[in-house]
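Summary of the model geometry
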Amino acid sequence: EPEVTQTPSHQVTQMGQEVILRCVPISNHLYFYWYRQILGQKVEFLVSFYNNEISEKSEIFDDQFSVERPDGSNFTLKIRSTKLEDSAMYFCASGGQGETEAFFGQGTRLTVV
Amino acid sequence: GIQVEQSPPDLILQEGANSTLRCNFSDSVNNLQWFHQNPWGQLINLFYIPSGTKQNGRLSATTVATERYSLLYISSSQTTDSGVYFCAVPPSPGSARQLTFGSGTQLTVLP
């Protein structure tokens, strides 16, 4: 069964460093998303991406964040200069044309020290 | 935006018991999904159920869209069912592909 895969499963980074989280969406999907979950809190929407551009973003998704689909298979989230409060689980999701279901990856735990 | 409320917030069961988790939402939706977050933090897709009833093994879900709620049933619970169960819906009718999550139900199944 097709699935969304995320790498790495856990990343530790120094405050101020840049980090790139990687996702491989389901192959024929056209809609891509990133969500974040700070420990003990709700899962929150960050950004959606369609047709090589951001279609929606939340207040959380400020200038420190960027997304890219560098090739036909990967979808990345970059945090330019990480802060302690960026420590969270980051989930990637994708969706197909003509359907509303979102398929989630199992997440990357980012720890900023 | 849409409000999503889940109940109960916490639930403790003995292995083998049945349970019902509820998700109420404040506006009409064309997407509703249930997820299980395991103790390692991984998010597992359970059901895509904007309306009707679906079953997958010991789990089943029902959404009554006209009354704005969904129920997740867990039968013969096992310790591996422990974790947090989230429902999620679009924040508005025009944002079907973006999800707003509830606060979750923390389920603990005791051996």
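Structural data are supplied above this passage.
Residues numbered from 1 in each chain as written. Chains lettered and ligands numbered in written order. Predicted model: local features only at pLDDT ≥ 70, side-chain atom pairs only at ≥ 80, totals over all residues. Heavy atoms only, no water.

Structural notes on the sheet that holds strand S1 (residues 4-7) of chain B
The strands that make up a sheet pair up through hydrogen bonds in the backbone, lying either parallel or antiparallel. All names here are of chain B. Which entries qualify depends on this criterion: DSSP calls a pair of strands paired once it identifies at least 2 bridges connecting them. Each helix is a run of H or I in the DSSP string that is no shorter than four residues. Each strand is a run of E no shorter than two, and both are numbered from the N terminus. Axes here refer to lines fitted to C-alpha atoms; in helices the fit is confined to the stretch in contact. Angles between the N-to-C directions go from 0 to 180 degrees.
Read from one edge to the other, the open sheet built from 5 strands follows the order S1-S3-S8-S7-S6, with strand pairing classed as antiparallel. Every other strand in the sheet has two partners, leaving S1 and strand S6 (52-56) as the edge strands with one partner each. Each neighbouring strand pair of the sheet contributes to a mean axis angle of 15°, computed without reference to strand direction. Of the strand pairs in this sheet, S1 and strand S3 (residues 19-25) are connected by 4 bridges, and their pairing is antiparallel. In the strand pairing of S3, Val 4 is matched with Phe 25.

Notes on the interface of chain B and chain A
Where interface size is given, it is often the accessible area lost as the parts come together that is meant. Going by this rule: It only takes one pair of heavy atoms within 4.5 Å for two residues to be counted as in contact. Accessible area, probed at 1.4 Å, shrinks when two parts are joined; the buried area is that loss added up over both. Put simply, a salt bridge is a Lys or Arg side-chain nitrogen that is within 4 Å of an Asp or Glu carboxyl oxygen. All amino acids are sorted into three groups, where Ala, Val, Leu, Ile, Met, Phe, Trp, Tyr, Cys and Pro are nonpolar, Asp, Glu, Lys and Arg are charged, and the leftover types, Gly among them, are polar.
Taken together, the contact between chain B and chain A spans 21 residues of the former and 23 residues of the latter. Summed over both partners, the interface of chain B with chain A buries about 1,900 Å², with 47% contributed by carbon and sulfur atoms. If you look at where chain B meets chain A, you find 0 salt bridges. Broken down by secondary-structure element, the contributors of at least two residues to the side of chain B that touches chain A are strand S4 (33-37) and strand S5 (43-48) of chain B. Its residues assigned to classes, the side of chain B that touches chain A shows 9 nonpolar, 11 polar and 1 charged.

Things to note about the pattern of salt bridges
All names here are of chain B. Rules: Burial classification: accessible surface area is computed with a 1.4 Å probe over protein chains only, and a residue below 20% of its type maximum counts as buried, one above 50% as exposed, and the rest as partly exposed.
Summed over the entire model, instances satisfying the criterion amount to 2 salt bridges over all chains. A salt bridge links Arg 58 to Asp 81, with the nearest nitrogen and oxygen atoms 2.8 Å apart. Linking Arg 58 in the loop between S6 and strand S7 (59-64) with Asp 81 in the loop between strand S8 (69-74) and strand S9 (83-89), this pair joins segments that are 23 residues apart in sequence. Among the residues examined, Arg 58 registers a relative accessible area of 26% and is labelled partly exposed.

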